[in-house]
Structure formats: C-alpha cells, structure tokens
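Commentary on secondary and tertiary structure
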Amino acid sequence: MALKYFLGVVLSYVLLYCASAAVHGQHGHSVDTLERESDGSFRARDYEHYSDSGHNSEFDHEAILGSVREAEEFDKLSPEEAKRRLALLLPKMDTNGDQEIDRKELKEWILKSFINLSREEAQERLVEADEDRDGAVSWPEYLHDAFGVDTEEDVGPDDAGDSGLLLQEEKAMWAVADSNSDGILELDEFQVFTNPEEHADMHPFLINQTLREKDTNRDGRIDFNEYIGERGNQQDKGWLISEKEKFDHDLDLNKDGVIDLPEIHAWVIPNNDEIADEEVDHLFASADDDHDDLLTFQEILLHHEVFVGSEATDYGSDLMGDHFADEL
Ligand SMILES: *[C@@H]1O[C@H](CO)[C@@H](O)[C@H](O)[C@H]1NC(C)=O
Ligand SMILES: *[C@@H]1O[C@H](CO)[C@@H](O)[C@H](O)[C@H]1NC(C)=O
C-alpha cells in the first residue's frame, strides 16, 4: 500500500516534470525566472502573500523585519523572545514618539523594509558571483555565474541564462547600472542591476527593453499578438482566452486595444507603494482590535505572530511536515 502510494507520487512528479519541460522547452527566450513572469513583467514583492494554500505569513514577517535571514531567525525563537525583540523595534517605527503606530508610520517602515530586502538579495547574489572576493562583480564573473561561460563568444544567440534575458540585454542593463562606468558593479550598482524594477532611474530602460522584445512592428505600442509573441506556439485555447482577458481587463487600462507606454509601466513594474498600502490594511485588519485606526504597542505585541514569527507560529507547519513524513 505504502509502496504503491510512493510510486504514484514519483510517477506524478515525473509526468509533471515532462509536462513543464514540454511547455518551457522550445520557448526561445521567453522569460520565466524567480524575478519575472513568463510575460516579462517583474514579480511583485507580495506575489506569494496569498496562494492556493491560503495566507502566507512569511511575507508579513519580511515586510516588518526587512530581512529574510532575520525572519528565519525569528521562526526559531520562543514566543517570549520574539515578542521581546519585536518590542525593541516599535520605538523605531514610531517616528513621532506617541507610543502608537499610525498608518503612515507603518507604511514608511514597510517601504524601508522593501529596500532592505532588495539589498539583502543583492548582497547574497554578489557573494555567489564574486569569485575573487573583492566585494564587487566584474563582467567576466557575471558571465560565469549567470551563463556558466568564460567569454561572450560562448553564449548562444538564444541562451537566456539564469535571468531569462539575452546577452545583449544583460549587457545593456549592466552598462546603465554601472553608473561610474568602471566596468565592475559594486554593491550599490549591483543592487540596481539585480532589482532594476525597484529603481525609478531604471524604469525608462525597462520600458524600452519591453518594447525591444515585444513591439515587432515598432510603433511604440504593444498589441495583443505582440503581447502573446512566441509564447502562443505551445499553448491551448484556454490559455489564449485567459491571456486575452488579462490583456483587455488588466493591461489595456484605457481600453483602446493596445498597451501604450504608461500601461507598459503599470504592467511590467510592480507598484511598491500600492503593495505597502495593502500590507498596512492587512496588518491593521489583523491587529487594530478597537478599530481606532492606530496600533498601540500593546495591540501589536498581543498579535505578535502577525508581525514576526516564533516557534509557536511554526508549530502548525512542523506538525504537518511530520504527519506527511509518517504517511510516506
Ligand atoms: C533597514 O536597515 C537599516 C540598516 O541595517 C536598519 O537600521 C533599519 O532598521 C532597517 N529598516 C527596516 C525597516 O527594516
Ligand atoms: C528609450 O527609447 C527612446 C526612443 O527610442 C529613447 O529616446 C530613449 O533615450 C530610451 N531611453 C532609455 C533609458 O533607454
């Protein structure tokens, strides 16, 4: 019985893998990476906040702590210790010093957390790519890390590397991010290169990049056929219908049948300001018990598991894990 179940699981994984390989296989350079969706748009910071399996509190914890590493550390703390450390953060959030956190203070904090998260990501990727450990990434180091090659000549014309972008696009973005034009990216510059969507300076470049990739008739706008591009080749009718719906309702905001420059911006670049507003709404709905539109320190500490993790918050998922292991 157990063996049969096990084989069933293995078989479904093999089938799933083949199916996804078939879908992704002959796509040329259509993007689908950790940072970007297959249509080339950047993933929003909160894209995993709500999923099929429900609400994911990790996003909330990272939005408060501004660090994935720290959020993971908190998950190992006792509830008492997690509360104690959370209490130390509150005076920093409370910029007007009135012992309460209002919406504006929380939003400012969350936006700073997003900046810290993006810096942490860049730091980790820099350490991976920085072979000679000089604290910066050179172009050859980046080629090695992202494309697994030593020279540009070794990159195939359709090879999109780890980033989902072609070599010439990577090179163009590198040149823009390298603000002092010394050929290497220090942490600040590398952060711009790895998360260009979070830097307003890079937005014109990203919009042009989208046009270079999709606007095949070069009229400065993207129609539905251009939006689908070569992604359409391997897809069924249901996919096409849902993409058409997305195009008409979510992307073509002024309903004129094409995506123009402001619409490309809204589609490709996530709006952190909106995401922070939504997160403030979510945290207030979870902790503002007396509905006075202010979070007292006491309210926050009472609902500490909404803001930071601890052993107690993790308990449920650990149980699930053990349960699963037992079944197998
Ligand atoms: C961001 O990082 C700075 C420097 O490490 C730190 O002082 C600050 O508290 C952090 N802010 C947030 C919102 O995480
Ligand atoms: C984007 O493209 C336009 C039109 O081709 C050009 O004028 C502009 O300089 C480009 N901007 C960037 C940042 O590449």
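Residues numbered from 1 in each chain as written. Chains lettered and ligands numbered in written order. Predicted model: local features only at pLDDT ≥ 70, side-chain atom pairs only at ≥ 80, totals over all residues. Heavy atoms only, no water.

**Overview of the overall build of the protein chain**
- Scanning the protein chain from terminus to terminus reveals 16 helices and 6 strands.
- A fraction of 58% describes how many contacts in the protein chain between residues 6 or more apart in sequence connect residues 24 or more apart.
- By element, 54% of the accessible surface of the protein chain is carried by carbon and sulfur atoms, the whole surface being about 18500 Å². (Helix = DSSP H or I, 4+ residues; strand = E, 2+ residues; numbered from the N terminus. Contact = heavy atoms within 4.5 Å. Areas by Shrake-Rupley, 256 points an atom, 1.4 Å probe, with all protein chains shown as cover.)

**Section: the pattern of salt bridges**
- In this structure the tally under the stated criterion is 19 salt bridges.
- Asp188 is paired through a salt bridge with Arg119; the nearest N and O atoms lie 3.1 Å apart. Of the two residues, Asp188 sits in helix α8 (residues 187–194) while Arg119 sits in helix α5 (residues 103–129), which places them 69 residues apart along the sequence.
- With a closest N to O distance of 3.8 Å, Glu243 and Arg231 form a salt bridge. With Glu243 in helix α11 (residues 237–251) and Arg231 in the loop between α10 (224–228) and α11, this pair connects stretches of sequence that are 12 residues apart. The pair Glu243 / Arg231 is uniform in exposure class, with both members buried.
- Among the charged side chains, a salt-bridge network with shared partners connects Arg45, Glu121 and Glu198. (Salt bridge = Lys/Arg side-chain N within 4 Å of Asp/Glu carboxyl O. Buried < 20%, exposed > 50% of the residue type's maximum accessible area, 1.4 Å probe, protein only.)

**Remarks on the site of ligand 1**
- Close to ligand 1 lie Leu65, Gly66, Lys92, Trp109, Lys112, Ser113 and Asn116.
- Interatomic distance of 2.3 Å between a side-chain N/O atom of Asn116 and an oxygen atom of ligand 1.
- Its free accessible area being 360 Å², ligand 1 has 53% of it covered by the protein chains.
- No other element matches the 4 residues that α5 contributes to the shell around ligand 1.
- Of the residues assigned to the shell around ligand 1, the class counts are 2 nonpolar, 3 polar and 2 charged. (Near = heavy atom within 4 Å. Polar contact = N/O pair within 3.5 Å; in protein donor to acceptor, adjacent residues only side chain to side chain. Nonpolar A, V, L, I, M, F, W, Y, C, P; charged D, E, K, R; others polar.)

**A look at a negative patch on the surface**
- A cluster of acidic side chains, namely Glu128, Glu131, Asp132, Asp134, Asp145, Asp150, Glu153, Asp154, Asp162, Asp182 and Glu186, defines a negative patch on the protein surface.
- Relative to the assigned elements, Asp132 resides in the loop between α5 and β4 (136–138). (Patch = residues over 30% accessible without salt bridge, like charges linked within 9 Å, V, L, I, M, F, W, Y side chains within 5 Å. Lys, Arg positive; Asp, Glu negative; His and termini not counted. Charge placed at Lys NZ, Arg CZ, Asp CG, Glu CD.)

**Observations regarding the packing of helix α7 (residues 167–177) against helix α9 (residues 203–214)**
- Orientation of α7 relative to α9, taken along the N-to-C sense of each, is 165°, at an axis distance of 12 Å. The orientation of α7 with respect to α9, classified from their angle, is roughly antiparallel. Relative to α9, α7 is oriented so that their crossing is right-handed. On the side of α7, the interface is formed by Glu169, Ala172, Met173 and Val176, while α9 contributes Phe205, Leu206, Gln209 and Arg212. (Axes fitted to C-alpha atoms, helices over the stretch in contact; angles between N-to-C directions. Parallel < 35°, antiparallel > 145°, perpendicular 65-115°, else oblique. Left-handed = near helix turned anticlockwise from the far one by under 90°.)

**Re helix α3 (residues 68–75)**
- Among all positions in α3, only Ala71, Phe74 and Asp75 are buried. One face of α3 carries all of its buried residues, which in axial projection span an arc of 105°.
- N-cap assignment for α3: the residue whose side-chain oxygen lies 3.2 Å from the backbone N of Arg69 is Ser67. (Arc of directions from axis to C-beta.)

**Concerning the confidence of the model for the protein chain**
- Averaged over every residue, the pLDDT of the protein chain is 87; the share at 70 or more is 85%.
- In this model residues 1–29 is a low-confidence stretch, pLDDT under 50, and it forms 19 contacts with partners more than four residues away in sequence or in other chains.
- Below a pLDDT of 50 lies the segment residues 318–328, which in the model reaches 3 contacts outside its immediate sequence neighbourhood of four places, other chains included. (pLDDT = per-residue confidence, 0-100.)

**What about the packing of helix α2 (residues 57–65) against α5?**
- Running from N to C, α2 and α5 point in directions that differ by 95°, and their axes come no closer than 6 Å. Taken together, α2 and α5 sit at an angle that is classed as roughly perpendicular. Residue-level inspection shows Phe59, Glu62, Ala63, Ile64 and Leu65 of α2 in contact with α5, the latter providing Leu106, Trp109, Ile110, Ser113, Phe114 and Leu117.

**Regarding the packing of aromatic side chains**
- The full count for this structure, using the stated rule, is 11 aromatic pairs.
- With centroids separated by 6.3 Å and ring planes inclined at 35°, the aromatic side chains of Phe59 and Phe114 adopt a geometry described as tilted. Here the residue Phe59 occupies a position in helix α2, and Phe114 occupies one in helix α5, the gap between them amounting to 55 residues.
- What makes Phe59 buried here is its relative accessible area of 7%.
- The rings of Trp139, Tyr142, Trp174, Phe190 and Phe193 are connected pair by pair, giving a single aromatic cluster. (Phe/Tyr/Trp six-rings, centres within 6.5 Å; stacked < 30°, edge-to-face > 60°.)

**Some words on the environment of His303**
- By the secondary structure assignment, His303 is in the loop between α14 (297–302) and α15 (304–307).
- Considering only alpha carbons, one finds His303 and Leu283, 20 residues apart in sequence, at a separation of 9.7 Å.
- Discounting chain neighbours no more than four positions away, the residues touching His303 are Ser286, Ala287 and Asp289.

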